[in-house]
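Listed here are the chains, written in short residue letters.
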Amino acid sequence: MGSQQDRPTPGRRDPEGRRRAIIAAAAELIVEGGAASITHRAVAARAEVSLGSTTQYFTSLDELREAALQALAEDVDVDLARVADQILPLESAPERFAAVMHEFLTDTRQVRAEIELMGSGMTDPRLRDIARRWTDRLTEILTEHVGREAAEAIAVYLDGVTLHAGLHDEPIPADAMARTLRALMTIPPSEGSDPR
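Residues numbered from 1 in each chain as written. Predicted model: local features only at pLDDT ≥ 70, side-chain atom pairs only at ≥ 80, totals over all residues. Heavy atoms only, no water.

> Teacher, can you tell me more about helix H6 (residues 108-123) here?
For H6, which comprises 16 residues, the first-to-last C-alpha distance of 23 Å matches the rise-based estimate of 22 Å (1.5 Å per residue) to within 8%. Listed in full, the buried residues belonging to H6 are Gln110, Val111, Ala113, Glu114, Glu116, Leu117, Met118, Ser120 and Gly121. Each element contacted by the buried residues of H6 is listed here: helix H1 (15-33), helix H4 (61-87), helix H5 (94-105), helix H7 (128-146) and helix H8 (148-167). By the N-cap criterion, in which a side-chain oxygen at the helix start approaches the backbone nitrogen of a residue two or three places on, H6 is capped by Asp107, the distance to Arg109 being 3.1 Å. (Helix = DSSP H or I, 4+ residues; strand = E, 2+ residues; numbered from the N terminus. Expected span 1.5 Å × (residues − 1). Buried < 20%, exposed > 50% of the residue type's maximum accessible area, 1.4 Å probe, protein only. Contact = heavy atoms within 4.5 Å. Polar contact = N/O pair within 3.5 Å; in protein donor to acceptor, adjacent residues only side chain to side chain.)

This is how it looks when you write it as C-alpha cells:
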C-alpha cells in the first residue's frame, strides 16, 4: 500500500496526476476512517487540491469511493501475487503460508483496507466483485494444490482471521494458523465433487 509520502503530487498541468492524487487521498481516508467517512472537502485537503478538483473528476461521493476502493483492491492484488509466490507449494509448507499471512496481518493498514473492502461489498452490490477479489483469487490459487473444498475453507478461514486481526491488538499467532491450515488442507472432497 502506498503511503502519503508515495502519493503523487498533483501539478497544474497534470490532470491525470491530480486525479490519481485524489484517488490516493480518498483511499488513505477510507483506511483511516472507513468508506462512509470520506467527503469531497476532506479528500481535497488530503490531496492538496482545490475542492472543485474533486467534483470535477468525481461528480458524486459514490463514484469517488468506488474509485478509491478499486485502488485498494489493486493494492490487495499486488499483495496476493507476492503471497502466492511465497506459499507454493502449499502442501509442503503450511507453516510458510502461515508466516506470510501473519506478516500481512501485522500491517494495520493492509488489514483495515481488506476489512473496508469486505464491508463495502456487503452494503453495496456494485462493489461485491471488488470485495471478493482476494478470496476468490486465493481460492483459485489453492484449488490446484489442495482441491476446491479445502481451498474455499482456507480462504474463508483467512477472511475470519483478517477480521480477528482488525478487532484485536495482535493477530492469531503464526503457529496456530499453521496448525489450522494443515487441518483444512486435509478436508476430503465430498462425494461427486471435482477434487481439483
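> Whenever I open this one, the nonpolar core confuses me. Can you help?
A general trend in soluble globular proteins is that nonpolar side chains are found buried together. One finds Phe97 and Ile154 to be the most contacted residues of the largest nonpolar core, which totals 57 residues. For this core, the secondary-structure elements that each account for two or more residues are H1, helix H2 (40-47), H4, H5, H6, H7, H8 and helix H9 (174-185). Considering each element in turn, this core owes the most residues, eleven residues, to H4. (Core = buried A, V, L, I, M, F, W, Y, C linked by side-chain atoms within 4.5 Å.)

> In this structure, what is going on with the environment of Ala44? I would like to understand it.
As for its placement among the helices and strands, Ala44 is situated in helix H2. A relative accessible area of 4% means that Ala44 is categorised as buried. The sequence separation of Ala44 and Thr54 amounts to ten residues, and the corresponding C-alpha distance is 6.2 Å. Sequence-distant contacts of Ala44, that is, excluding residues within four places in its chain, are made with Val49, Ser50, Leu51 and Thr54.

Function-wise, these values are silent; they only describe arrangement.
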